[in-house]
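A look at the structure
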Amino acid sequence: MKAISLLGSTGSIGTQTLDIAAQYPDQFQIVGLAAGSNVELLAQQVRQFHPKIVAICEKEKLAELKAAIADLTPQPILLSGDEGIVEVARYSEADVVVTGIVGCAGLLPTIAAIQAGKDIALANKETLIAGGPVVLPLLQQHGVKLLPADSEHSAIFQCLQGVPQGGLRRILLTASGGAFRDLPVEKLAHVTVADALKHPNWSMGRKITIDSATLMNKGLEVIEAHYLFGMDYDHIDIVIHPQSIIHSLIELQDTSVLAQLGWADMRLPLLYALSYPDRIATDWKPLDLVKAGDLTFREPDHQKYPCMKLAYAAGRAGGCMPAVLNAANEQAVALFLDEAIRFLDIPRLIEQVCDRYHPQNLSNPALEDIIAADQWARQEALLASQQVPVAVR
Ligand code: MG
């Protein structure tokens, strides 16, 4: 039985984690829940899973949450704000923390969980992308396992089981190609938020769905793979695989290639992150290769999707540059979702911010350096957005 603290319980990763916990009550117990602002759903989750500690990020909503579960006995510990989320992350009874918080907001609670010795089921990319230089030494220091819950990194991690030290030569990340995979490049200038939110294969949150449409999601995953598996950027490649059946591959020193396959269902990587190193028997629909049909592959189009190259460049620069890239992207995507900039402004904005960044502590940044770089990049992206033409609504 594993005791789980779940951060971001009302989001896409959060609700799928709870589906798993509900389906396997003898394997997983939810001891902590933390959410942003969705009181109604959080209260419902508290009723169903009886966690011992609960936090809501938006402080003004605490009273509403209290009222919504006032009749429950025993009452969970109820907290709010960033401090509340951190307390759920380091809660003494949790064995593993699922980090389903989107964006850089997930970094500090994840660090708190690592410092408290919790294993991490990592569904928050930014932890490693922005925080990699600080997080990696902490993992060593506290003897903590970082178990990837992203489908691609889970695939690589699964393939790596049993591969000896030094056996890995190359990582091949598969990408669905996102919402605009088959749209000619000249049409990209006029796409709307609603268009960008239509992902062909995966059901995910809004931010990550936009990241899939720009392919920044894949660029960020390249950086994440670099930190997770210790591969240099020359040995991490992207291949477009529209069917999303192969979730990623590894090439070994002898040219043998291993892949992990499955339907596009986030529950599988989540389950493995939670059950590792064990395998739990499920009644989920098994992969049927004949029904899956043709599996095809093509080269990524860097002309159409400049975000991938921006991510490789930021990753190679190292230090705080990935944090700058990530923060500029978060800000740009938020502006796009607000219809304040156009789709093609997203990479333009990110490039401008990265170009303007003058790195300090490049090789060995401290957490404060990373946070400062993140704040700076958000501000800079906002400024840059005021210099691009406003979207046609
Ligand atoms: Mg992914």
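Everything that follows concerns the structure shown earlier in this document.
I will try to describe carefully the structure that is included in this document. (Residues numbered from 1 in each chain as written. Predicted model: local features only at pLDDT ≥ 70, side-chain atom pairs only at ≥ 80, totals over all residues. Heavy atoms only, no water.)

Looking at the overall build of the chain
So the rule is basically this: The helix and strand labels rest on DSSP assignments: H or I over at least four residues marks a helix, E over at least two residues marks a strand, and numbering proceeds from the N terminus. For the radius of gyration, the atoms used are the C-alpha atoms, and the globule rule reads 2.2 Å times the number of residues raised to 0.38. Burial status follows relative accessibility: with a 1.4 Å probe on protein chains alone, a residue under 20% of its type maximum counts as buried, one over 50% as exposed, and anything between as partly exposed. Contact definition: two residues touch when any of their heavy atoms are within 4.5 Å. Areas reported here follow the Shrake-Rupley algorithm with a probe of radius 1.4 Å; residue values treat only the protein chains shown as occluding. Under the convention used here, Asp and Glu are negative, Lys and Arg are positive, and both His and the chain ends fall outside the count. Working definition for charges: the position is that of NZ of Lys, CZ of Arg, CG of Asp or CD of Glu.
Helix and strand counts for the chain stand at 17 helices and 11 strands. Here the C-alpha radius of gyration of the chain, 21 Å, is about what a compact globule of 393 residues would show, namely 21 Å. Here the C-alpha coordinates of the chain stretch approximately 60 × 50 × 40 Å along the principal axes. By the burial criterion, 57% of the 393 residues in the chain qualify as buried. Counted over contacts in the chain with a minimum sequence separation of 6, partners at least 24 positions apart contribute 71%. A total accessible area of about 16900 Å² is found for the chain, and carbon and sulfur atoms account for 52% of it. With 31 positive and 44 negative side-chain charges, the chain shows a spacing of 3 Å between the two charge centroids.

Overview of a nonpolar patch on the surface
Put simply, the rule reads: Without a salt bridge and with relative accessible area above 30%, a residue can belong to a patch; like charges are then joined within 9 Å and nonpolar side chains (Val, Leu, Ile, Met, Phe, Trp, Tyr) within 5 Å. The term salt bridge refers to a side-chain nitrogen of Lys or Arg lying within 4 Å of a carboxyl oxygen of Asp or Glu.
A cluster of nonpolar side chains, Leu261, Leu287 and Leu289, forms an exposed patch at the surface whose accessible area comes to about 240 Å². Take Leu287: it is sitting in the loop between α12 (267–275) and α13 (289–292). Judged by its relative accessible area of 31%, Leu287 is partly exposed.

Focus: the pattern of salt bridges
Per the counting criterion, the structure on display carries 26 salt bridges. Between Lys198 and Asp195 there is a salt bridge, with its nearest N and O atoms 3.7 Å apart. The salt bridge involving Asp211 is made with Lys207; its shortest N-O contact spans 2.6 Å. Of this pair, Asp211 and Lys207 are both found in helix α10 (residues 206–214), four residues apart, which corresponds to roughly one turn of the helix. Here Asp211 matches Lys207 in class, with each residue buried. A network of salt bridges, in which partner residues are shared, links Lys125, Asp150, Glu152, Lys218 and Glu221.

Section: the sheet that holds strand β11 (residues 257–261)
Basically, it comes down to this: Any two strands are treated as partners once DSSP identifies two or more bridges connecting them. Helix axes are fitted to C-alpha atoms over the stretch in contact, other axes to C-alpha atoms as well, and angles between N-to-C directions run from 0 to 180 degrees.
Reading across the sheet, the four strands line up as β9-β8-β10-β11 and stay open at both edges, with mixed pairing between neighbours. Both edges of this open sheet fall to β9 (236–240) and β11, since each of them pairs with a single strand only. Between one strand axis and the next, the sheet turns through 20° on average, direction left out of account. With five bridges joining them, strand β10 (residues 246–252) and β11 adopt antiparallel strand pairing. Residue pairing across strands places Leu249 opposite Ala259, the latter belonging to β11. Together, β8 (168–175), β10 and β11 form the strand contacts of helix α8 (residues 151–160), whose direction differs from that of β10 by roughly 40°.

Focus: the coordination of the magnesium ion
Put simply, the test is: The rule for donors is simple: an N, O or S atom within 2.8 Å of the metal counts, and for Na, K and Ca the reach is 3.2 Å. Water is not among the atoms, so a site may look short of donors.
For the magnesium ion, the full set of protein donor atoms is Asp150 (OD), Glu152 (OE) and Glu221 (OE), and the range of their distances to it is 2.1 to 2.3 Å. Glu221 gets classed as buried once you look at its relative accessible area, which sits at 1%.

Some points on the nonpolar core
The cut-off we apply is this: To qualify as a nonpolar core, a set must consist of buried Ala, Val, Leu, Ile, Met, Phe, Trp, Tyr and Cys residues joined through side-chain atoms within 4.5 Å.
Counting residues in each nonpolar core, the largest one holds 132 residues, and the members touching the most others are Phe28, Ile171, Leu325 and Ile350. Here this core gets 11 residues from one element, more than from any other, and that element is helix α15 (residues 321–337). Sequence-distant contacts of Ile350, defined by excluding residues within four places in its chain, comprise Met216, Cys307, Leu310, Leu325, Ala328, Asn329 and Ala332.

Quick look at the sheet that holds strand β2 (residues 28–35)
One open sheet holds the seven strands; their spatial order is β4-β3-β2-β1-β5-β6-β7, and the pairing between them is parallel. Where the open sheet ends on each side, the last strands, each with one partner, are β4 (77–80) and β7 (146–148). Sheet twist, expressed as the mean angle between neighbouring strand axes with direction ignored, is 20°. Against the sheet, helix α4 (residues 81–89) engages β1 (2–7), β2, β3 (53–56), β4 and β5 (96–99), with an angle of about 150° to β3.

Let's talk about the layout of surface pockets
Heads up, the condition is: Any residue with an atom within 4 Å of a point lines the site, the site being either a cavity, points on a 1 Å grid over the protein atoms alone where a 1.4 Å probe fits but cannot get out, or a pocket, an open set with protein on both sides within 12 Å along at least 5 of 7 lines. Grid points are joined across faces, edges and corners, and a volume is the space filled by probe spheres set on the points.
Estimated volume of the second largest pocket: approximately 520 Å³. As for the second largest pocket, its lining consists of 19 residues, of which Phe157, Leu160, Gln165, Leu228 and Phe229 are closest to the centre. Of all the elements in the fold, those that place two or more residues in the lining of the second largest pocket are α7 (132–142), β7, α8 and α11 (216–229).

Here we look at the packing of helix α5 (residues 107–115) against helix α17 (residues 367–385)
Condition: Roughly parallel refers to an angle under 35 degrees, roughly antiparallel to one over 145, roughly perpendicular to one between 65 and 115, and oblique to any angle outside these ranges. Each helix crossing is assigned a hand: it is left-handed if the near helix lies turned anticlockwise from the far helix by less than a right angle, otherwise right-handed if that turn is clockwise. Residue type decides the class: Asp, Glu, Lys and Arg count as charged, Ala, Val, Leu, Ile, Met, Phe, Trp, Tyr, Cys and Pro as nonpolar, and the leftover types, Gly among them, as polar.
In contact at an axis separation of 12 Å, α5 and α17 are set at 165° when each is read in the N-to-C sense. Regarding the angle of α5 to α17, the classification is roughly antiparallel. Relative to α17, α5 is oriented so that their crossing is right-handed. Within the contact between the two elements, α5 uses Leu107, Leu108 and Ile111 and α17 uses Leu367, Ile370 and Ile371. Broken down by class, the residue content of the contact of α5 with α17 amounts to six nonpolar, no polar and no charged.

Note that every value here comes from positions in space, so none of it alone points to a role or purpose.
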